[in-house]
Amino acid sequence: MHHAPVVVHRILPSGGRQVTLRTAGREEPLGLARSDRDVIEFLRRAGVPDPDDAVLGGAGLVEWESDGPHAFEADPPAGDLP
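Definitions and cut-offs
- Residues numbered from 1 in each chain as written.
- Predicted model: local features only at pLDDT ≥ 70, side-chain atom pairs only at ≥ 80, totals over all residues.
- Heavy atoms only, no water.
- Pairing = 2+ DSSP bridges.
- Helix = DSSP H or I, 4+ residues; strand = E, 2+ residues; numbered from the N terminus.
- Axes fitted to C-alpha atoms, helices over the stretch in contact; angles between N-to-C directions.
- Contact = heavy atoms within 4.5 Å.
- Buried < 20%, exposed > 50% of the residue type's maximum accessible area, 1.4 Å probe, protein only.
- Lys, Arg positive; Asp, Glu negative; His and termini not counted.
- Salt bridge = Lys/Arg side-chain N within 4 Å of Asp/Glu carboxyl O.
- Polar contact = N/O pair within 3.5 Å; in protein donor to acceptor, adjacent residues only side chain to side chain.

### Digging into the sheet that holds strand S3 (residues 26-33)
Phase 1 of the analysis: Pairing is mixed in the open sheet, where four strands are placed in the order S3-S2-S1-S4. With one partner strand each, in any of the chains shown, S3 and strand S4 (62-64) form the two edges of the open sheet. Ignoring which end each strand starts from, the neighbouring axes of this sheet average 25° apart.
Phase 2 of the analysis: Of the strands in this sheet, strand S1 (6-11), strand S2 (17-23), S3 and S4 touch helix H1 (residues 36-45), which is tilted by about 135° from S3.

### Here we look at the side chain of Arg 17
Phase 1 of the analysis: In this fold, Arg 17 is placed in strand S2.
Phase 2 of the analysis: It turns out Arg 17 is buried and unbridged, and the closest side chain with the opposite charge, Asp 67, is 4.5 Å from it.
Phase 3 of the analysis: In terms of polar contacts, Arg 17 uses its side chain to reach the backbone carbonyl oxygen of His 9, at 2.6 Å.
Phase 4 of the analysis: A polar atom in the side chain of Arg 17 sits 2.9 Å from the backbone oxygen of Ala 71.

Fair warning: the whole summary comes from geometry, so function is off the table for now.
Here it is as structure tokens:
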């Protein structure tokens, strides 16, 4: 099974997603992203070549867990709707 080197984890209840980089069999935290722009910046700082394409172009370097790509806000609980 192939694992992408960058993992954008599931959306937190407060919004945002943790981003980690898999290296040498472990995951290094890069930060809490609240947008694609944040993910791109984390990858740029980590030295990933062409971070824009990695995030927006579907280059296969990024694994988006659970909630689908490019989503960063938690859905409000159904009971909170008017």
